[in-house]
Each structure stands twice: as C-alpha cells, then as structure tokens.
Amino acid sequence: MISLNGKILSNEHATVSPLAPGLMFGAGVFTTVRVRAGRPDFLALHGERLRCDAAALALPPPALAGDLRERCNAFLSATTLVGGAVKIMWFTDEGGQTVEVISARSQPYDAEARARGFRLRSMTCGSRANRELSRHKTLNYLEHLRAKQVAVNAGFDEALWIDERGLVLEGATTNLFAVIGDEVVTPDLRFGLLPGVARRVLLTSPTMARVREAELTAKSLEDAREVFVTNSLMGVMPVRAIDDRIYSPARNEVTRSLLAAFEREADASR
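Because the structure is a prediction, the values reported are computed rather than measured.

(A) How the structure looks around the pattern of salt bridges. Overall, the coordinates contain 15 salt bridges when judged by the stated rule. Residue glutamate 48 is joined to arginine 200 by a salt bridge in which the shortest nitrogen-to-oxygen separation is 2.9 Å. Taken together, the residues span a long stretch of sequence, with glutamate 48 in helix H2 (residues 43–56) and arginine 200 in helix H6 (residues 197–204) at a distance of 152 residues. Judged by its relative accessible area of 34%, arginine 200 falls in the partly exposed class. Note that arginine 165 is salt-bridged to aspartate 163, the shortest N-O span being 2.8 Å. Bridged by salt links that share partners, the residues Arg34, Arg36, Asp41, Glu263, Asp267 and Arg270 form one connected network.

(B) Main features of the packing of H2 against H6. Two elements in contact, H2 and H6, have axes whose closest approach is 10 Å; the angle formed by their N-to-C orientations is 115 degrees. The hand of the H2/H6 crossing is right-handed. Contact residues: H2 offers Leu45, His46, Glu48 and Arg49, while H6 offers Val197, Arg200 and Val201. When grouped by side-chain class, the residues that make up the contact of H2 with H6 number 3 nonpolar, 1 polar and 3 charged.

(C) Main features of the state of the cysteines. For the structure shown, the criterion picks out 0 disulfides. This cysteine, cysteine 52, is not joined by any disulfide, and cysteine 72 carries the nearest cysteine sulfur, 17 Å off.

(D) Quick peek at the packing of aromatic side chains. One pass over the structure, following the stated rule, counts 4 aromatic pairs. Ring centres 5.0 Å apart and planes at 5 degrees place the aromatic pair phenylalanine 177 and phenylalanine 228 in the stacked group. A residue pair is termed long-range when its members are at least 10 positions apart, and phenylalanine 177 in strand E10 (residues 175–180) and phenylalanine 228 in strand E13 (residues 226–231) qualify at 51 residues. The same class applies to phenylalanine 177 and to phenylalanine 228, which are both buried. In this structure, arginine 119 packs its charged tip against the face of phenylalanine 156, placed 4.2 Å from the ring centre. Above the ring of tyrosine 247, the side-chain terminus of arginine 245 is found at 4.4 Å from the ring centroid.

(E) Geometry of the layout of surface pockets. Here the largest pocket defines a volume of roughly 530 Å³. Taken together, 26 residues line the largest pocket, and the ones lying closest to its centre are Thr32, Arg105, Lys137, Tyr141 and Thr173. Mapped by element, the contributors of at least two residues to the lining of the largest pocket are strand E3 (28–36), helix H5 (142–153), strand E9 (168–171) and E13. Element by element, the count of residues in the lining of the largest pocket is highest for H5, at 3 residues. When the residues that make up the lining of the largest pocket are grouped by side-chain class, the tally is 10 nonpolar, 10 polar and 6 charged. When its volume is computed, the second largest pocket comes out at roughly 180 Å³. Arg128, Arg131, Leu133, Ser134, His136, Thr138, Asn140, Tyr141, Leu142, Glu143 and His144 together form the lining of the second largest pocket. Of the residues belonging to the lining of the second largest pocket, the class tally is 3 nonpolar, 5 polar and 3 charged.

(F) Geometry of the nonpolar core. Counting residues in each nonpolar core, the largest one holds 23 residues, and the members touching the most others are Leu176, Leu221 and Val227. At the level of secondary structure, the elements contributing two or more residues to this core comprise strand E7 (118–125), strand E8 (158–163), E10, E13 and strand E14 (235–242). At 3 residues, the largest contribution of residues to this core is made by E14. Aside from chain neighbours lying at most four places away, what touches leucine 176 is Leu120, Leu160, Val168, Val185, Thr186, Pro187, Leu216, Leu221, Val227, Phe228 and Val229.

(G) Summary view of the pairing of E13. Along E13, 6 of the 6 residues are buried, which leaves the element largely enclosed by surrounding structure. A two-sided burial pattern is seen for E13, the buried positions comprising Glu226, Phe228 and Thr230 on one face and Val227, Val229 and Asn231 on the other. In this sheet, E14 lies alongside E13 in antiparallel orientation, the contact comprising 4 bridges. By the bridge assignment for E14, valine 229 is matched with methionine 237. Linking two consecutive strands that pair antiparallel, namely E13 and E14, is a turn of 3 residues.

(H) Spatial organisation of the sheet that holds strand E2 (residues 7–9). The strand order across the open sheet formed by 6 strands is E2-E1-E6-E5-E3-E4, and the pairing between neighbours is antiparallel. The open sheet is flanked by E2 and strand E4 (39–40), the only strands paired with a single partner. For E3 and strand E5 (residues 84–92), the ladder comprises 8 bridges, and the chain directions are antiparallel. Note on E5: the bridge partner recorded for phenylalanine 30 is methionine 89. Where H2 meets the sheet, its contacts fall on E3, E4 and E5, and the angle it forms with E3 comes to roughly 175 degrees.

Procedures and definitions
Residues numbered from 1 in each chain as written. Predicted model: local features only at pLDDT ≥ 70, side-chain atom pairs only at ≥ 80, totals over all residues. Heavy atoms only, no water. Salt bridge = Lys/Arg side-chain N within 4 Å of Asp/Glu carboxyl O. Helix = DSSP H or I, 4+ residues; strand = E, 2+ residues; numbered from the N terminus. Buried < 20%, exposed > 50% of the residue type's maximum accessible area, 1.4 Å probe, protein only. Axes fitted to C-alpha atoms, helices over the stretch in contact; angles between N-to-C directions. Left-handed = near helix turned anticlockwise from the far one by under 90°. Contact = heavy atoms within 4.5 Å. Nonpolar A, V, L, I, M, F, W, Y, C, P; charged D, E, K, R; others polar. Disulfide = S-S within 2.5 Å. Phe/Tyr/Trp six-rings, centres within 6.5 Å; stacked < 30°, edge-to-face > 60°. Lys NZ or Arg CZ within 6 Å of the ring centre and 35° of its normal. 1 Å grid on protein atoms, 1.4 Å probe; cavity = no way out; pocket = protein on both sides within 12 Å on 5 of 7 lines; lining within 4 Å. Points joined across faces, edges and corners; volume = space filled by probe spheres on them. Core = buried A, V, L, I, M, F, W, Y, C linked by side-chain atoms within 4.5 Å. Pairing = 2+ DSSP bridges.

Written as structure tokens, this is what we have:
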C-alpha cells in the first residue's frame, strides 16, 4: 500500500510517469521516518529537512508539517503499521507537478544488532567540502547504497567514508560520533556531510550538552573510548570495530546514556 499525493492506493494502482525527473535523474528528495506503536518519531524535523533539501534542488516546497503529519497518520492507519518506517519521497513529474509518495518498510535494526554493535569498514573518498549534493538526501542515492553493500559483502555492517586528508566524514547511511576524553565529537557539516535527523537531535538537545562538532581524523579514532553511529531508524548504534580496531560495546557507558536520552527525545516528539 502506498500514499500517492495523499491518496492511499494499492501498489498495483499507484502509478507515476517514468518520465518524471525524479525517476529519470534522481531529481528529488526523501526522508525515512521511524515508526513505533503506529506513530512517527521526529516527523517535524524530517519535514523541515525535506523542505530544505527541496529548496536546494529548486523543487516546489513539500507540504507543511501539520499536513504531512496528517497524511502520514492516515497512511499508518490504513496500513496498520505498528513498528517499522515510512519513506517520504518528493519530486516533480514531467509536467512540473509535485509528487509525494509515502511507503512503508520494516525496521532493519533489532535489539540483537544493538547488543552486538556495528563493524565499520573505512573507505577512502574524495573531499566533499564543495559537493553540494552530498549535503542533501536526494533520490540519487546509489553511491551510498553501493558503499554499504561493499562493506556488507566484506563482512561488515556499514562503510565509513574518510577523505584523502584522513578526515572522517560519515557512514554510507549513518553519521558517526566518537567519545574522546570527556567529549562526544562528530564531524562538522562544513566537510560536506548529510545533516542526519538523529545527529541533529544529539547536537541540539539540552540533555546532551557534551556533544559538539569538530574535525575528526582517522588517527583520533584510535584514541576514542567509544564510537557509535546514528540514523533515524537505528537511533544510536554502538560500534564494536572499525577495520581491525576493536571497541567494547559492553563498556559503552556514554553511548548507552545517549541512547536513553535520544529515546526520551523521540517519545517527546510524537
């Protein structure tokens, strides 16, 4: 079942022209929202980022946050989705009319994955500081998916992009944080990163004052006591290894406290 421009349809009756620029060229934006107990987390923040990303691609603005919540809730009621995620896509058809698609998916991360922790495989990539599209969540997402698949095929859970200068950027589908000394540090957006919603929550919540943006190098990760990654579906995920460097999720006190704080913020956002 899919919501197409606010109309809930079965998959076989939901049609979009293949000539739509979003399908032909990836000229569209999307966001993926975690759903728990039939309700979306941080939907207002997701809607805000959708509008910013749409503006960057010169697309008409997506619906106002209140209207988006109404359509998401109607879709969730129709699909009876209790836990998982909804993906919201926004693009234009060949006539320049806006198209909004809301679809459902299962939750790919479970308690077992969190207890085990992620293994990251580092990959060298070019500088992203001057790459405008890397800062936005567009439908042109193949680079991210291919990097993650390479990591998974090698026995890891996620790819970690590090530029040619040794600066840590982000995961293929996540943002990265490191606990160094008494601080929690994440790479600065000026390096061309995607501003993840979960990342924003950790940086802006008054209960998480120790978290800050800074330059983070591959070398500095060797001195980190804890490392974790975030995205909207997993929330806060401990990291147990980056390449051959081993961390212990069992001793991740800071990571666990931030996970608990993040979930409290998620509850308050609904």
